[in-house]
Amino acid sequence: MSLRAPRFAVDMAVAFQFLTRLPIPQVPFAPDGLARAVKFFPLVGLVIGAGAALLQKVLSPHLSRPAAALVVLLYLVLITGCLHEDGLADVADSLGGWNPEQRLAILRDSHIGSYGTAALALSLLSRGVLLAELPLERFTAYLVSAHVLSRWSVLPLSYYLPPARDSEGQGARIARLTSTFSLIAGSAFTIVTVVVVLRRAAIAPVLAAIVVSLLSSVLYLRKFGGVTGDCFGATTQITEIAVYLCGVWKP
């Protein structure tokens, strides 16, 4: 991408480049590039969710609900390069550490342990089952909302929480560096999108995303003293599952 490209276009490209495996034009590295791009994370979620919803519509006349859900889940894993799954597995493994230093050391370990394996398996199983159970008439609405809200969860975490490490890392590049404007702009986009697609049913998913973000922030402060890039990925996964649960919940 040209250096003369508008700032918002560069920030948007960084967001898609970081969160997806889409063939986005490479942009020059900037120390604050990722922090500026955070406001576009919900937009990335919208694009990912819309693609998954379109795929489901194409497959639904030809496959059973479970089979279509499996293909949609495969798409979601491939388009993100397992970025969030990796974060969830690492965080789950690290929670077995005795102190913050040991937990952060486990986060750096590229190997996956039993807790991480279990968390990853449960996440994939939960999302597959819930995608197969979402009501067809609201499938697109809940799928899009889940991916917008899950990417939104990075905004409050990165705005309020300090980095768990002072060294370079994805968490250190955005923790406490997300601007007030990015938080407000990203949140406004998220709320408008979810309300448009879900109407009155938007209340429960929005509250679920807020609760997951709040509880995970408390957990990260207690266990790590802040956040890392893996923490953002873990919260993204849990938020996605929470929104799907809102869609299948029967009062």
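Here the structure is shown first, and the text comes after it.
Everything quoted here is computed from the prediction, not taken from an experiment.

Here is what the cut-offs are and how they apply
- Residues numbered from 1 in each chain as written.
- Predicted model: local features only at pLDDT ≥ 70, side-chain atom pairs only at ≥ 80, totals over all residues.
- Heavy atoms only, no water.
- Helix = DSSP H or I, 4+ residues; strand = E, 2+ residues; numbered from the N terminus.
- Rg over C-alpha atoms; globule rule 2.2 N^0.38 Å.
- Buried < 20%, exposed > 50% of the residue type's maximum accessible area, 1.4 Å probe, protein only.
- Contact = heavy atoms within 4.5 Å.
- Areas by Shrake-Rupley, 256 points an atom, 1.4 Å probe, with all protein chains shown as cover.
- Salt bridge = Lys/Arg side-chain N within 4 Å of Asp/Glu carboxyl O.
- Core = buried A, V, L, I, M, F, W, Y, C linked by side-chain atoms within 4.5 Å.

Draft legend 1. Local environment of the overall build of the chain. Per the secondary structure count, the chain includes 13 helices and 0 strands. Secondary structure elements of the chain occur, N-terminal to C-terminal, as α-α-α-α-α-α-α-α-α-α-α-α-α. Its C-alpha atoms give the chain a radius of gyration of 18 Å, within 12% of the compact-globule value 18 Å for 251 residues. Dimensions of the chain, computed from the C-alpha atoms along their principal axes, are close to 50 × 50 × 30 Å. Within the chain, buried positions represent 49% of all 251 residues. Here the analysis covers contacts within the chain between residues at least 6 apart in sequence; of these, 75% occur between residues at least 24 apart. Working note: accessible area of the chain is about 12300 Å², and carbon and sulfur atoms make up 69% of it.

Draft legend 2. Representation of the pattern of salt bridges within the structure. Per the stated rule, a full pass over the model turns up 5 salt bridges. One salt bridge in this structure joins Lys 39 and Asp 11, with 3.2 Å as the shortest N-O distance. Of the two residues, Lys 39 sits in the loop between α2 (33-37) and α3 (41-59) while Asp 11 sits in helix α1 (residues 7-19), which places them 28 residues apart along the sequence. Owing to a relative accessible area of 17%, Lys 39 belongs among the buried residues under this scheme. The partner of Asp 32 in a salt bridge is Arg 36, and the shortest N-O contact between them spans 2.7 Å. We classify Asp 32 as partly exposed; its relative accessible area is 39%. Residues joined in a network through salt bridges with shared partners are Asp 11, Asp 32, Arg 36 and Lys 39.

Draft legend 3. Representation of the nonpolar core within the structure. Residues Phe 41, Leu 131, Tyr 220 and Tyr 244 are the most contacted members of the largest nonpolar core, which totals 61 residues. Contact partners of Tyr 244, with chain neighbours within four places excluded, come to Leu 76, Arg 127, Leu 130, Leu 131, Leu 134, Tyr 142, Leu 143, Ala 146 and His 147.

Draft legend 4. Quick peek at the environment of Val 91. By the element assignment, Val 91 lies in helix α5 (residues 83-94). Look at Val 91 and you get buried, because its relative accessible area is 5%. Separated by 142 residues in sequence, Val 91 and Gly 233 have C-alpha atoms that sit 8.9 Å apart. Every residue in contact with Val 91, bar those within four places of it in the chain, is listed here: Leu 107, Tyr 220, Asp 230, Cys 231 and Ala 234.

Draft legend 5. Region of the structure containing the environment of Glu 240. With respect to the element layout, Glu 240 can be found in helix α13 (residues 229-248). Put simply, Glu 240 and Ala 146 are 94 residues apart on the chain and 4.9 Å apart in space, counted from C-alpha to C-alpha. Excluding residues within four positions of it along the chain, Glu 240 makes contact with Leu 76, Arg 127, Ala 146, His 147 and Ser 150.

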